[in-house]
Amino acid sequence: LRKSLFAQIGVQEYSSITHWKNPSASFILPDVYCMECHECRDVDLCVIIPEEEESSSKQWLCGGCGSPYDVNQVERRLVDIVQRKCIRYQLQDLRCSKTQQVAIRAMTRTSDCSAALNLDIPYSDFASQIIILRNLASYYNLDWLLETTDGILNGFV
């Protein structure tokens, strides 16, 4: 059935466009520790569980026991991740677009073979991760994370 549908729209069955990709944002925080059941889990912070009517607080819940995670600990880890991503972006190498070798000359716009230099981590990838974290901070009222991400995004623009 799937093969016949792809044939009808003129797409090959094993083409790269036939693979499903989740359109929503995702940010997985590894090894989040639950104080109640004493388990570590990887938590996708962008997955929002539908709220109950009597519950007005927004929080992440443990998948095993259902108790809320420590928000201060999660925020501390997220701020640390933001700072490490910022440092990694600032200290990355420039590479020659032709040879993929790391540029060794400082303050130049082209490589030794006069090709353009490219960043290892494009700004769009860096900014998209920081924007996801800023959106999480504003949704869950994480003031420290919101201040950190806004400062980084306003400093790079």
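Residues numbered from 1 in each chain as written. Predicted model: local features only at pLDDT ≥ 70, side-chain atom pairs only at ≥ 80, totals over all residues. Heavy atoms only, no water.

Moving on to the overall build of the chain. The helix and strand inventory of the chain stands at four helices and four strands. Secondary structure elements of the chain occur, N-terminal to C-terminal, as α-β-β-α-β-β-α-α. Along the longest, intermediate and shortest principal axes, the C-alpha atoms of the chain span 65 × 50 × 30 Å. Relative to its full complement of 157 residues, the chain shows a buried share of 25%. When contacts within the chain are restricted to residue pairs at least 6 apart in sequence, long-range pairs at least 24 apart make up 50% of them. Within the structure as shown, the chain displays about 11,300 Å² of accessible surface, and the carbon and sulfur contribution to it stands at 52%. Across the chain, the mean location of the 15 positive side-chain charges is 13 Å away from that of the 20 negative side-chain charges. (Helix = DSSP H or I, 4+ residues; strand = E, 2+ residues; numbered from the N terminus. Buried < 20%, exposed > 50% of the residue type's maximum accessible area, 1.4 Å probe, protein only. Contact = heavy atoms within 4.5 Å. Areas by Shrake-Rupley, 256 points an atom, 1.4 Å probe, with all protein chains shown as cover. Lys, Arg positive; Asp, Glu negative; His and termini not counted. Charge placed at Lys NZ, Arg CZ, Asp CG, Glu CD.)

In this section: the environment of lysine 98. Its place among the elements puts lysine 98 in the loop between strand 3 (94–96) and strand 4 (117–119). When the C-alpha positions of lysine 98 and methionine 35 are compared, they lie 51 Å apart, and in sequence the two are 63 residues distant. If we ignore the near neighbours within four places in the chain, the residues touching lysine 98 are Cys113 and Ala115.

To continue, consider unusual backbone geometry. Phi at histidine 38 is positive, roughly 60°, even though this residue is not glycine. With respect to the secondary-structure elements, histidine 38 resides in the loop between strand 1 (28–33) and strand 2 (40–44). Histidine 38 gets classed as exposed once you look at its relative accessible area, which sits at 53%. One non-glycine residue with positive phi stands out, namely glutamine 100, at about 60°.

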